[in-house]
Amino acid sequence: MKLLRSWPAVVPEGRAYVIDDLERLYMTDHDYAVLDRVDDDVIIIEWDMAVHRDELRTFVQRAAASPEVPLVAPYLLYEMQSGIPHHRPCWAHRRFQEGGQTCRFIIPTDATAHLFGFGLVYLPRLLVTRFLADWNGHFSDASFSQWHYLHSGRPEVPIAWDVRPVHLHYNIVKIAEGLT
């Protein structure tokens, strides 16, 4: 199992990001097709996600315990990111509603997700290989999780609620301004 930090070819101006010693998975246009060069299962931490050391250990242990099953950690989306005014916490992953025509954001009572972001994710190599063989378009978290839901035979992806990475995609200056 390999631990990687996804990294954009160009960091967007004004965005917060994490500097650490993780190996970087450099990408253009948020395209994860570069995973075809990684010959191992992967845990990906996106470039703008921070995670506590002990929680990362928990995540790695859980992924290793079920190596054939993807695993995701929940993280909050902020209004500027989703464009949706939030009256309650808005977690990144989603579940299809009854009938499968619409979906909703996950809530803490959900044990699994159907559609998931790659903020902190474990992806088995076998699934990545199958996806790359089946898919001709852009390899994103949205395309992979939709493909996984439809074609993996296991549409339920476990959520590690005891691991809570922080997405740094918010305007910290505006928050500081609100303190004065």
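Up top is the structure these notes are about.
Residues numbered from 1 in each chain as written. Predicted model: local features only at pLDDT ≥ 70, side-chain atom pairs only at ≥ 80, totals over all residues. Heavy atoms only, no water.

Visitor: Sorry if this is basic, but what is going on with helix 1 (residues 53-65) here?
Guide: Each α-helix winds once per 3.6 residues, and so residues spaced three or four apart point in a common direction. With 13 residues, helix 1 should reach 18 Å at 1.5 Å per residue; the first-to-last C-alpha distance of 19 Å fits that figure. What helix 1 keeps buried is the set Leu56, Phe59 and Ala63. Seen from one end, helix 1 has its buried residues packed into an arc of 60°, which puts them on one side. Opposite the packed face of helix 1, turned more than 90 degrees from it, sit the exposed residues Gln61 and Ala65. Each element contacted by the buried residues of helix 1 is listed here: strand 1 (2-8), strand 3 (42-45), strand 5 (71-72) and strand 9 (120-123). (Helix = DSSP H or I, 4+ residues; strand = E, 2+ residues; numbered from the N terminus. Expected span 1.5 Å × (residues − 1). Buried < 20%, exposed > 50% of the residue type's maximum accessible area, 1.4 Å probe, protein only. Arc of directions from axis to C-beta. Contact = heavy atoms within 4.5 Å.)

Visitor: Got a minute to help me understand the nonpolar core in this structure?
Guide: A general feature of soluble globular proteins is that nonpolar side chains tend to end up buried together. Among the nonpolar cores identified, the biggest contains 26 residues, and Leu35, Leu123 and Phe144 are the most heavily contacted of them. At three residues, the largest contribution of residues to this core is made by helix 3 (residues 125-134). Leaving out residues up to four positions away in the same chain, Leu123 has contacts with Leu35, Asp41, Val42, Ile44, Phe116, Phe118, Val128 and Phe144. Counting residues in each nonpolar core, the second largest holds 18 residues, with Leu22, Tyr75, Leu120 and Ala160 among its members. (Core = buried A, V, L, I, M, F, W, Y, C linked by side-chain atoms within 4.5 Å.)

No statement about biological role is implied by the geometric values presented.
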